[in-house]
Amino acid sequence: MSAAVTSPASAPVRRRRRPHGPGSARGRAAASGWLFLAPMLVILGLFLVVPVLMALWVSMSDWTGRGSPLSSDVSFVGVENYRSLLLGGGLATQDFGTAMRNNAYYVLLVVPLQTALALFLATMVNRRALRGRGFFRTAFYFPSVTSSVAITVLWLFLFSASGTINAILARLSISGPNWFNDPRGVLHLLLGAAGLDTAPESLAQHGFLGIPLWEWLAGPSVAMSALILLAIFTTSGTFMLLFLAALQAISSEVEEAAVMDGATAWQRFRRVTLPMLRPTVFTVVTLGLIGTWQVFDQIYTGTQGGPAKTTITPAYLSYSAAFQNNQWGRGAAIAFVLFAIIVLLTVLQRLVLRERDTVPRRKRFYRTPAAPPAALAGTAGTAPAAGAPGTGTASPTEGDHR
Amino acid sequence: MSATTALPAPARPGAPAPRARRSNRRVVATSFTYAVLVVLAVLYVYPFLIQVATSFKTDAEAAQNAVSLIPQTWSTAAYERLFLRSDFPLWFRNSVIVTVVVTLGRVFINSLAGYALARLRFRGRGLVFAGLVAVMAVPNVVLLIPKFLVIKQVGIYNSFAGLIVPLLADAAGIFIMKNFFESIPPSVEEAARLDGAGTFRVFWSVVLPMARPAVVTLVILSFQGSWNELSHFIVASQDPDLVTLTKGVAQLASGQLSQGTQYPLKLAAAAIMTVPVAVLFFVFQKRIMNQSAGAVKE
């Protein structure tokens, strides 16, 4: 691949302007270019590219951690590690299934909640007229800068049996659960409250990845719920910053136009702001998906998979299989399955979002010529001015005090 | 952010009634906004206050009185124990060494690579860039086992080199530097080059000093990242002399080193390890708040 193929659009112009000919200067640039890249190439190559290839080999071998995985007494077992993990039906499959279920509920709850909360926080602190904006932003972002270990330690205290959360609940006459020791699934608890205590025949007998469907329906355990709250607490601030940057990039003229058309604050948010934030929503959801499928630090520091394996995640299972149980092939196989899931979800999400992106644009294209301002005013019904200040959003006539 | 800007939009003469109604509604809405924000801020800040308060409580009080922000009897026992009768100072020292070396190394290596990708034209550059994008997609957790394998093979297991070297370059940092270098006008370098400066000299004395904002961003991200790193340190060594803060405190928390709950001790340890990143955060707050590409933690 030549440099010209991928170089940015401005490159040819710059190159033409350069006084040197293509001869010796080119050669010198190439030499120093590779020299400049060398440290990075060595480090990333050695600790990123080579490891992946080596792990691919280990995932298809019967290496037990003794000696080098490349030595001659380690043999190739093909997809055996993957097979026992996904189809074996034994303990390995059950553990993997449990880990997948735990992590699936974690992703299912954390990603939407953290995205919504981050967007909410960002719109709240983006108001120009808000006093103490700096304080609020700092407060919301601070958990994101501290280490996951420190926050997990704090969480272990807050949610311990005699901890702060339960003490506060007790003052409200609620007896809190023994958070990190309660393996009961939240969905099972809800179903139990509705009178459904035992699994219906069909759900108990059929299963997926070694565990019955009824177990898949357990929901996150009480212990996992505490970790879900932890994740939302620590990541909402980071994503708030991403949304804030995007909000501030929206030109105030667009807002102004919407106000002129009589859109209420909610309509402005729903029909003007949100569509313009779509790329950021995409980023946040993608980063969220990538992150939530890799929960490790919190499990290692906190629950170590317990109680009753309800906080085991594939990442932690991969670690414990390899480093604690010396099942290196299985550990590496879990890591690659996890890798595949992350890649798949990211691609899928990209496709879904692209699909949605094209539909409204076409709709807008057809609707706008028919009734330009009414389309925006929509259900407002009232005179344009009535909706303007709305819920206290800064009106665009005010100066930018950022 | 002054009070005057919060007033409603320009008054229209001859419409006093709607205006009054509007400002009334506005006051309610504004108070509601502040109420929501204050409640949320308390939810975000209170845990940290509780953390500091509990670290000064006795073990018994931490269990009995978990809500109060003021200890009934102040006790520095947790801190004394940490600093005088535990490996905590060693962990702290190790974390400082690793973080400082990683941060300096990253700034240098990432900016070299970023400069080459942004400015130097040579065959294969596109390929390197594509490879970098691909490498960025590999999730960290997937690399736990493989990294351990390579660190062992290379022979730097159980050494500072094993803790530090694999962290010395990161794709995200290279992108930050590359983007910044692309925003610097090339004419600056051409002047220096006409004066006879070599490529490295142009980079080191002309371009890098101009990239200060990007360098500061990188320093913040690298410091924060390597100080808070856990999984890499777990797989890179098992020598007790090389335990970093994150690893030490994680083991302390999971009860591998102690019996009982000992919440004041654990919370004191967690609070102290938060201090350096907190200081960095408050010093560079403006910059951190304005940069959208932050390290995403999970």
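Note that the structure is predicted; figures quoted are calculated from it, not measured.

Chemist: Teacher, can you tell me more about the overall build of chain B here?
Modeler: Along chain B, the regular secondary structure elements total 15 helices and zero strands. Long-range contacts, defined as pairs at least 24 residues apart, comprise 69% of the intrachain contacts of chain B with a sequence gap of at least 6. Summed over all atoms, the accessible surface of chain B reaches about 13,100 Å², with 65% contributed by carbon and sulfur.

Chemist: What is the right way to look at the packing of helix α17 (residues 314-324) of chain A against helix α6 (residues 144-154) of chain B in this model?
Modeler: Two packed helices can be described by the angle between their axes and the distance between those axes. Relative to each other, α17 of chain A and α6 of chain B sit at 35°, their axes nearing to 9 Å. Contacts between α17 of chain A and α6 of chain B involve Ser 318, Tyr 319, Ala 322 and Phe 323 of chain A on the former and, on the latter, Leu 144, Ile 145 and Phe 148 of chain B. Residues of the contact of α17 of chain A with α6 of chain B, tallied by class, amount to six nonpolar, one polar and no charged.

Chemist: I'm lost on a nonpolar patch on the surface in this one. Help?
Modeler: All names here are of chain B. A cluster of nonpolar side chains, contributed by Leu 49, Leu 69, Ile 70 and Trp 74, occupies part of the molecular surface with about 450 Å² of accessible area. Along the chain, Trp 74 turns up in the loop between α2 (59-64) and α3 (77-84). The class of Trp 74 is exposed, set by a relative accessible area of 60%.

Chemist: Teacher, can you tell me more about the interface of chain A and chain B here?
Modeler: By a frequent convention, interface size equals the accessible area lost on bringing the separate parts together. Contacts between the two partners involve 126 residues from chain A, matched on the other side by 113 residues from chain B. For the pairing of chain A and chain B, the buried interface totals around 10,400 Å² over both sides, and the portion due to carbon and sulfur atoms is 74%. Here chain A and chain B share seven residue pairs in polar contact (both at pLDDT 80 or more) between them. Of the residues forming the side of chain A that touches chain B, the biggest block, 23 residues, is contributed by helix α3 (residues 24-59) of chain A. Considered class by class, the residues forming the side of chain A that touches chain B number 77 nonpolar, 37 polar and twelve charged.

Chemist: Can you help me understand the environment of Gly 305 of chain A in this one?
Modeler: In this fold, Gly 305 of chain A is placed in the loop between α16 (297-303) and α17. Discounting chain neighbours no more than four positions away, the residues touching Gly 305 of chain A are Ile 299, Thr 310, Thr 311, Ile 312 and Tyr 316 of chain A.

Chemist: I'm lost on the pattern of salt bridges in this one. Help?
Modeler: Charged atoms that come close allow side chains of opposite charge to pair. This model, assessed by the stated rule, comprises eight salt bridges over all chains. In this structure, Glu 80 of chain A engages Arg 83 of chain A in a salt bridge whose closest nitrogen and oxygen atoms are separated by 3.4 Å. With Glu 80 of chain A and Arg 83 of chain A both in helix α4 (residues 80-86) and three residues apart, this pair spans about one turn of that helix. Taking the relative accessible area as the measure of exposure, Arg 83 of chain A reaches 41% and is therefore partly exposed. Close ionic contact of Arg 106 of chain B with Asp 170 of chain B constitutes a salt bridge, the shortest N to O distance being 3.9 Å. With Arg 106 of chain B in helix α4 (residues 88-119) and Asp 170 of chain B in the loop between α7 (160-164) and α8 (171-183), this residue pair connects regions lying 64 residues apart in the sequence.

Chemist: Please explain the nonpolar core as it appears in this structure.
Modeler: A general trend in soluble globular proteins is that nonpolar side chains are found buried together. Judged by nonpolar contacts, the single largest core of 187 residues is most densely connected at Met 40, Phe 140, Met 240 and Phe 296 of chain A together with Phe 181 of chain B. Considering each element in turn, this core owes the most residues, 18 residues, to helix α12 (residues 222-249) of chain A. Residues within four places of Phe 296 of chain A in sequence aside, it is in contact with Ala 315, Tyr 316 and Tyr 319 of chain A together with Val 141, Leu 144, Ser 231 and Ile 234 of chain B.

Chemist: Just checking my understanding: could you explain unusual backbone geometry for this structure?
Modeler: Where the residue is not glycine, phi is negative for most of them; where a peptide bond is considered, it is trans in most cases. For Lys 309 of chain A, which is not a glycine, the phi torsion comes out positive at approximately 65°. Mapped onto the elements, Lys 309 of chain A comes out in the loop between α16 and α17. Owing to a relative accessible area of 35%, Lys 309 of chain A belongs among the partly exposed residues under this scheme. Phi at Asn 158 of chain B is positive, roughly 60°, even though this residue is not glycine. Inspection of the secondary structure puts Asn 158 of chain B in the loop between α6 and α7. Under the relative-accessibility criterion, Asn 158 of chain B is labelled partly exposed at 31%.

Chemist: What is the right way to read helix α5 (residues 125-136) of chain B from this model?
Modeler: Residue pairs spaced three or four apart in an α-helix point in one direction, given the helix's 3.6 residues per turn. Helix length check: α5 of chain B (twelve residues) gives 17 Å between terminal C-alpha atoms against 16 Å at 1.5 Å per residue, within 8%. When we look at burial in α5 of chain B, the residues that qualify are Arg 125, Gly 126, Val 128, Leu 132 and Val 135 of chain B.

Conventions adopted
The residue numbers shown here count from 1 along each chain, following its written sequence. Each chain gets a letter, beginning with A, and each ligand a number, beginning with 1, in the order they are written. Local features in a predicted model are, by the rule used here, given only for residues with pLDDT of at least 70; side-chain atom pairs are given and counted only at 80 or more, and totals for whole chains, interfaces and linings are based on all residues. For side-chain calculations, the full set of non-hydrogen atoms in the structure is used, while hydrogens and water are omitted. Counting from the N terminus, the helices are DSSP H or I runs at least four residues long and the strands are E runs at least two residues long. Here, two residues are considered to be in contact whenever any of their heavy atoms come within 4.5 Å of each other. Each accessible area is a Shrake-Rupley result for a 1.4 Å probe, and residues are judged covered by the shown protein chains and nothing else. Think of each axis as a best-fit line through the C-alpha atoms, taken over the contacting stretch in the case of a helix, with angles from 0 to 180 degrees between the N-to-C directions. Only Asp, Glu, Lys and Arg are considered charged, only Ala, Val, Leu, Ile, Met, Phe, Trp, Tyr, Cys and Pro nonpolar, and every remaining residue, Gly among them, polar. Candidates for patches are residues over 30% relative accessible area with no salt bridge; among them, like charges are joined within 9 Å and nonpolar side chains (Val, Leu, Ile, Met, Phe, Trp, Tyr) within 5 Å. Only one rule defines a salt bridge in this text: a Lys or Arg side-chain nitrogen within 4 Å of an Asp or Glu carboxyl oxygen. Each residue is assigned to one of three classes by its accessible area relative to the maximum for its type, calculated with a 1.4 Å probe on protein chains only: buried under 20%, partly exposed between the two thresholds, exposed over 50%. Summed over both partners, the accessible surface that disappears when two parts come together, traced with a 1.4 Å probe, is what is meant by buried area. The definition of a polar contact used here is a pair of N or O atoms within 3.5 Å, where within protein one atom must be able to donate a hydrogen and the other to accept one, and adjacent residues in sequence count solely through side-chain atom pairs. Side-chain atoms within 4.5 Å link the members of a nonpolar core, which is a set of buried Ala, Val, Leu, Ile, Met, Phe, Trp, Tyr and Cys residues. Helix span is expected to be 1.5 Å times the residue number reduced by one.

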